[in-house]
Amino acid sequence: MLRQALGKIAQTLVVLFFVSVASFGLLKLAPGDPIQIMLGSEYSQESYEQLTAQLGLDQPFLAQYADWALRFVQGDWGTSYVARTDIYTYAFKEALPVTLTLASFSLAFAILIGVPLGVLSAVKKDTAFDAGSAVLALTGTAFPSFLLGILLIWFFAVKLQLFPVMGYISPWQDFWGGIYHMILPGLTLSTYFIAMITRLTRATLIEVMEQPYIAAARARGEPSWRVIWVHGVRNIAMPLVTILGLQLGTLLQGTVLTETVFNLPGIGQMLTSAVLGREYMVVQAGVMMTATLFIGVNLLVDLSYPFLDPRLRARK
Amino acid sequence: MSLSSSDAAPTALPRAKASLGRRSMFLRRPFFTVALIVAAAYVLAATFAPHVAPFDPVKQDFMAMMQGPSFAHPLGTDSYGQDILSRVIYGARYALIIGIFSVLIGAAGGLVIGLAAGLSGGWLEWALMRLIDSILALPSLILAVAFIAILGQGVDKVVVAVGLSMIGPFARTVRADVMQVRVQLFIEAAQLMSIPYLRVVWRHVLPNVIFPLAVQVTIRVSEAILVSSSLSFLGIGVTPPTPDWGLMIAEGRDFVSFAPWMSAMPGFALALLLIALSIVGDGIREEFDPKLRRGA
């Protein structure tokens, strides 16, 4: 088992290497000569070559990459001219927490609503409730989240005036205020996942309920709620965790849109303004953070299987 | 998977199969048929946009700014007095063109990488797999944002950016199909007959991979449309005054408190198309995907 885990980690590192080379290449592919931009319109050939050497741009690609990677790991990500700060502080300490707060909120919503809905539709299979939740789930997976966000703002914030229209308060500073500001964005982002988890839970639970251990639990005379919620739901944990890990990318790209709808200062807003301001280093930081997060979480998912399913522990 | 389900299957299958064979797919799947009609209506509206749309989509009329739905403007007007219905109809053009062409780019790229990964072996295959993994490590929207950062904005650039960002999933499914085909007996037979390798790939591997790929293409058109309109919504995709749905939704967001139709109308046009396409995609997959058909 340890060997397998080490193999997984090695694979992950290689993927991370590829991603980092690609996002370094992004900077190289970006239009415009950085030296020309830095020097302005008038410069001598001499100062051009001097600055090129000073920035290490006369080095071969791999040497430049190594230099960049080393600085990146140390948290030296360059300076953003639009935000007027160090990119590491801007991206990692300011934008990322907002995105992670929104993402974890939506994930919590999705699990708390999606799993019970899916269980109920599985138990009430082929009833009106099941059909209704199937239609809702289909609509939920196909409905564009940014439109949903605008509709929620229009209904709950403008018409009913129940929630704030937009803005962000960190739940670490003001817990209830933060939650209050997160309800609409969280709901917007989680709709897709509620729908997806409902579908997945329903399909998996129907299969699980046909297993012999469920029949055995019933034969022992356990109450039906216990059979479903303890014996049944426990066994959908593994497929659920797998899908959630794989769908993390969808969650992150959803935060990009939701942040724009609700004006939250997260990675989404950072990326958009960076593209408009042609700040390739900020785009690069956003790409690296997203990819690292996705790769890291999926490694954790892979490594968590033996803890979720005792059968995998015994066999290997 | 379980014992009981495989016990039940033989009794249930023949009856289901018999009825499956006789009735047309359109009768068996009423939702699919309705969704297909809706999608076809979009295609028609997009094709004949100049004949269907009551107004010029970019003609500004400052006497008729931000009017609610009325007889003259069934879906209202926007902040420049442009007719929203006409813009929604022309928007279908952009959505469908961008969606279809970017999916084709993604499928072509995925086919090349997937074939290479599936046919090669050893370290090359391992490296190509990690390459696919690293493309998949970035969600398609964020990849598209990165490509837009390099390419710049505009319809053609959005097509390329969205197309490139979709290579990953296509490559993965193509590789999986190639892996299944290349161990088949007819491949071994062809190789024993010393048919040139590239010819074996062209005549025997490719035809077996192309069909599932085509199914994937139809399923992923809706994803491409969603990503492209998301880019426009973020304000980094298509540039104004192009009648693009994402752009229109973004513009209406600022006026949501007193002119909610500005976002809602193009938004519902987009949502309806996406829902229709995903029902059509599900139907096509369930009918034609050999893996699902065997299991059903």
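Residues numbered from 1 in each chain as written. Chains lettered and ligands numbered in written order. Predicted model: local features only at pLDDT ≥ 70, side-chain atom pairs only at ≥ 80, totals over all residues.

Engineer: For this particular structure, what's the right way to read the overall build of chain B?
Structural biologist: The helix and strand tally for chain B stands at 14 helices and zero strands. A buried classification covers 44% of the 296 residues belonging to chain B. For chain B, the share of sequence-separated contacts (at least 6 apart) that also reach a separation of at least 24 residues comes to 68%. (Helix = DSSP H or I, 4+ residues; strand = E, 2+ residues; numbered from the N terminus. Buried ≥ 20, exposed ≤ 12 C-beta atoms within 10 Å, placed from the backbone. Contact = placed C-beta atoms within 7 Å.)

Engineer: I'm lost on the overall build of chain A in this one. Help?
Structural biologist: If you tally the helices and strands in chain A, you get 15 helices and two strands. Taken over the C-alpha atoms alone, chain A extends approximately 90 × 60 × 35 Å along its principal axes. Counting over 316 residues, chain A shows a buried share of 35%. Excluding contacts between residues fewer than 6 apart, the proportion of contacts in chain A whose partners are at least 24 apart in sequence is 71%.

Engineer: Which parts of the structure should I look at to understand the interface of chain B and chain A?
Structural biologist: In many analyses, interface size is given as the accessible surface area lost on bringing the parts together. The interface is formed by 39 residues belonging to chain B together with 43 residues belonging to chain A. For the side of chain B that touches chain A, the class distribution of residues is 24 nonpolar, twelve polar and three charged. (Nonpolar A, V, L, I, M, F, W, Y, C, P; charged D, E, K, R; others polar.)

Engineer: How do you make sense of the nonpolar core when you look at a structure like this?
Structural biologist: Across soluble globular proteins, nonpolar side chains have a tendency to be buried as a group. A144 and V145 of chain B are the most contacted members of the largest nonpolar core, which totals 147 residues. In terms of residue count, the dominant contributor to this core is helix 5 (residues 84-119) of chain B (16 residues). When residues no more than four places from it in sequence are discounted, the contact partners of V145 of chain B are L271 and V275 of chain A together with I236 of chain B. (Core = buried A, V, L, I, M, F, W, Y, C linked by C-beta atoms within 7 Å.)

Engineer: Is there a simple way to think about the confidence of the model for chain B in this case?
Structural biologist: Interpretation of the predicted coordinates at a detailed level should be avoided for regions scoring low in pLDDT. Residue and element names in this part refer to chain B. When pLDDT is averaged across chain B, the result is 80; 85% of the residues are at 70 or more. By mean pLDDT, the top-scoring element of chain B is helix 8 (residues 155-165) (90), and the lowest-scoring one is helix 1 (residues 3-22) (45). Every residue in residues 1-19 is under pLDDT 50, and counting partners more than four places away or in other chains gives six contacts. Quick note on the complex model: pTM equals 0.82, ipTM equals 0.80. (pLDDT = per-residue confidence, 0-100.)

Engineer: Help me understand the environment of A103 of chain A in this model?
Structural biologist: Residues and elements named next belong to chain A. Its place among the elements puts A103 in helix 5 (residues 87-123). Taking C-alpha positions, A103 is 6.7 Å from L251, a pair spaced 148 residues apart along the chain. If near-sequence neighbours (up to four positions away) are discounted, A103 is found in contact with L251, L252 and T255.

Engineer: For this particular structure, what's the right way to read helix 6 (residues 128-142) of chain A?
Structural biologist: Because the α-helix completes a turn every 3.6 residues, residues three or four places apart line up on one side. For helix 6 of chain A, which comprises 15 residues, the first-to-last C-alpha distance of 21 Å matches the rise-based estimate of 21 Å (1.5 Å per residue) to within 8%. The complete set of buried residues in helix 6 of chain A reads S133, A137, G140 and A142 of chain A. Tucked into the core, helix 6 of chain A has its buried residues touching helix 5 and helix 8 (175-208) of chain A together with helix 11 (197-234) and helix 13 (261-288) of chain B. (Expected span 1.5 Å × (residues − 1).)

Engineer: Is there a simple way to explain helix 10 (residues 185-192) of chain B in this structure?
Structural biologist: Here helix 10 of chain B lies mainly on the outside; zero of its eight residues are buried. S194 of chain B occupies a position one or two residues after helix 10 of chain B and carries a positive phi of about 50°.

Engineer: Could you clarify how one ought to interpret unusual backbone geometry in this entry?
Structural biologist: Negative phi is the rule for most residues except glycine; trans is the rule for most peptide bonds. Non-glycine residue N263 of chain A carries a positive phi angle of around 60°. Summarising the element assignment, N263 of chain A is placed in the loop between helix 12 (248-262) and helix 13 (267-276). Its identity as a non-glycine residue notwithstanding, S194 of chain B has a phi of 50°, on the positive side. Mapped onto the fold, S194 of chain B is located in the loop between helix 10 and helix 11. According to the C-beta neighbour criterion, S194 of chain B is exposed, with 7 such atoms within 10 Å.

Engineer: Can you walk me through the environment of L200 of chain A in this structure?
Structural biologist: Residue and element names in this part refer to chain A. Here L200 shows up in helix 8. L200 sits in the buried class, given 22 other C-beta atoms within 10 Å. Taking the C-alpha atoms as reference, L200 lies 11 Å from V241; in sequence the two are 41 residues apart. Contact partners of L200, with chain neighbours within four places excluded, come to G118, P239, L240 and I243.

Engineer: Hey, could you run me through the packing of helix 5 of chain A against helix 14 (residues 280-308) of chain A in this one?
Structural biologist: Two packed helices can be described by the angle between their axes and the distance between those axes. Residue and element names in this part refer to chain A. Contact geometry of helix 5 with helix 14 gives a least axis separation of 10 Å together with a crossing angle of 45°. When the axis of helix 5 is compared with that of helix 14, the two are oblique. For helix 5 against helix 14, the interelement crossing comes out right-handed. Where helix 5 approaches helix 14, its residues I87, A91 and L96 are matched on the opposing element by M281, V282, A285, G286 and M289. Class assignment for the residues of the contact of helix 5 with helix 14 results in seven nonpolar, one polar and no charged. (Axes fitted to C-alpha atoms, helices over the stretch in contact; angles between N-to-C directions. Parallel < 35°, antiparallel > 145°, perpendicular 65-115°, else oblique. Left-handed = near helix turned anticlockwise from the far one by under 90°.)

Engineer: Would you mind showing me how to read the packing of helix 5 of chain B against helix 6 (residues 122-136) of chain B here?
Structural biologist: Residue and element names in this part refer to chain B. The interhelical angle for the contact between helix 5 and helix 6, taken along N-to-C directions, is 145°, at an axis separation of 8 Å. As for how helix 5 packs across helix 6, the hand of that crossing is left-handed. Residue-level contacts link I113, A116 and A117 of helix 5 to E125, L128, M129 and I132 of helix 6. For the contact of helix 5 with helix 6, the residue count by class is six nonpolar, no polar and one charged.

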